[in-house]
Amino acid sequence: MTRFTLTLAALLAWIPAAAAQEFAPAVVYDMGGKFDKSFNEAAYVGAEKFRKDTGVAYRDFEVTNEAQREQALRTMARRGATVVVGLGFAQAAPMEKVAREFPNTKFCLIDEKLDAPNVQSVTFKEEEGSFLVGLLAAMASKTGKVGFVGGMDVPLIRNFLTGYEQGVRHANAKAEVFVNMTGTTPAAWNDPTRGAELARSQFGRGADVVYAAAGATGLGVLQAAADAGKLGVGVDSNQNHLHPGKVLTSMVKRVDGAVYACFKDAREGTWKPGHRVLGLKEDGVAWALDDHNRALITPEMQKAVDEARAQIVAGSLAVKPYKP
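Anyway, here's the lowdown on the structure attached to this text. (Residues numbered from 1 in each chain as written. Predicted model: local features only at pLDDT ≥ 70, side-chain atom pairs only at ≥ 80, totals over all residues. Heavy atoms only, no water.)

## Looking at the sheet that holds strand β13 (residues 285-287)
Inference 1: Taken in spatial order, the six strands make up an open sheet running β8-β7-β9-β10-β11-β13, and their pairing is mixed. Of all strands in the sheet, those bounded by a partner on one side alone are β8 (176-183) and β13. With direction set aside, neighbouring strand axes in the sheet form an average angle of 15 degrees.
Inference 2: Relative to strand β10 (residues 231-236), strand β9 (residues 209-213) runs parallel, the two sharing three bridges. Along β10, the bridge assignment pairs Val209 with Leu231.
Inference 3: Packed onto the sheet, helix α5 (residues 126-140) meets β7 (145-152), β9, β10, β11 (247-253) and β13 and runs at close to 175 degrees relative to β11.
Inference 4: Relative to β8, helix α7 (residues 192-204) is tilted by about 160 degrees, and along the sheet it contacts β7, β8 and β9. (Pairing = 2+ DSSP bridges. Helix = DSSP H or I, 4+ residues; strand = E, 2+ residues; numbered from the N terminus. Axes fitted to C-alpha atoms, helices over the stretch in contact; angles between N-to-C directions. Contact = heavy atoms within 4.5 Å.)

Shown next, in the form of C-alpha cells:
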C-alpha cells in the first residue's frame, strides 16, 4: 500500500482504515505545510521510514486553518486509526478534547505536554541544541554580531532563542544578538518573504550569521543569507543542503524519530502514555555536520562544540530553558 495525503473532504469520507489493515496509523501536520523542509517535514520523514520498514500505510492531513486540527484528529479516530500523531503545540487543546471522545485510540502529541490516559506527549530540549548552534554561530562570526529570526512569538520559539543566546555568549561574552519574531499568529510559520526581510535588516545592522527558527518562514531567511554572502543556521530538519556552503549548520530536532517510535511502539504493543523529554543525552536534538557544511566548521569549532555537548550531557554545563 502507498501513503497518500487526504484533502479534508476525502478525509471526512474515508473508509475505516481498519477494514484494510489491522494497524492504522495517522499523522495530522501543523500549519506551514508538510514539505516545509523543517518541523512538519521531519515528521513526514519519520512516517515514511515506518511505512518503508513495515509495509504499513498511514493516513495524513495537512492543516491549513485553525478549525481543521480538531476536525482532522476526530475524523482520523472515528474512521479507525489505531494511533494518531498530532504535530505542534497548538494541537494540545483539540487533542485533549478528541482523546476524551475516543479513549481506545492512542494519540501522540509532539511539542507540547498533555496529561491524558491515552496520550503520549513528546517535547524536546530545544535550548540544548540551540546552545550548540549558537556557539558555532559566534565562533563563525567575523563581526561579533549574529541574528535570530523566530516564527510565531510563543514560549516554544523563545526556548530556541534562550539556548541560542547562551551558546553565543559561551563562545563570545561580548557578542550582540539581534532578535526578530515574524508574527503572533500561525501565519508566521509560512511567510518566507517576511523572513527574508527580517534577515536582511539584521545583516544591515552587522550580523553575519542568522539562525532561523520559523518553519517555512525560515526558508526565506536562509535564502537571504545565501544571497547576501552571509551564513544561515537551519532548524528542525537538516537544512544544510538547501544552500551548500552558506548554511553554517542546522539544529536538528528528532521529530522523525519521535513519530517513528510512536507508530512502532503502538504496533508492537509497547506504547505507553505519559511525557517524554528528549535532549542531547537522548539524541533528541543535535547539530548537523555533513559534506554541505564541513568546510565551514574549523577544527577549533569542532572541538569547542564537542566539548560543550559532552559537558551538557554530563550535567556539568547547564543550559537554562526559557522562563516566561
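## Description of the environment of Thr64
Inference 1: Note on placement: Thr64 falls in the loop between β3 (59-62) and α3 (68-78).
Inference 2: Since its relative accessible area comes to 56%, Thr64 is described here as exposed.
Inference 3: Each C-alpha atom of the pair Thr64 and Glu96 lies 20 Å from the other, and the pair is 32 residues apart in sequence. (Buried < 20%, exposed > 50% of the residue type's maximum accessible area, 1.4 Å probe, protein only.)

## Let's talk about the packing of aromatic side chains
Inference 1: Per the stated rule, a full pass over the model turns up eight aromatic pairs.
Inference 2: Residues Phe50 and Phe263 carry aromatic rings whose centres are separated by 5.3 Å and whose planes lie at 70 degrees to one another, so their mutual orientation is edge-to-face. Note that Phe50 is positioned in helix α2 (residues 39-54) and Phe263 in helix α9 (residues 255-268), a separation of 213 residues in sequence. Like Phe50, the residue Phe263 is buried in the burial classification.
Inference 3: Positioned above the aromatic ring of Tyr260, the side-chain terminus of Lys49 is 4.4 Å from the ring centre.
Inference 4: Geometry around Phe178 places Arg205 over its ring, the cationic atom sitting 4.0 Å from the centre. (Phe/Tyr/Trp six-rings, centres within 6.5 Å; stacked < 30°, edge-to-face > 60°. Lys NZ or Arg CZ within 6 Å of the ring centre and 35° of its normal.)

## Observations concerning the side chain of Arg51
Inference 1: For Arg51, the location among the structural elements is in helix α2.
Inference 2: Residue classification places Arg51 among the buried residues on the basis of a relative accessible area of 19%.
Inference 3: Among the polar contacts listed, one links the side chain of Arg51 to the side chain of Glu48, at a separation of 2.9 Å. (Polar contact = N/O pair within 3.5 Å; in protein donor to acceptor, adjacent residues only side chain to side chain.)

## A few points about unusual backbone geometry
Inference 1: Its identity as a non-glycine residue notwithstanding, Asp236 has a phi of 70 degrees, on the positive side.
Inference 2: Secondary-structure assignment places Asp236 in strand β10.
Inference 3: We classify Asp236 as buried; its relative accessible area is 7%.
Inference 4: Its identity is not glycine, yet Asp283 carries a phi of approximately 60 degrees, on the positive side.
Inference 5: Of note, Asp283 is situated in the loop between β12 (274-278) and β13.
Inference 6: On the basis of relative accessible area, Asp283 is assigned to the partly exposed category, the value being 42%.

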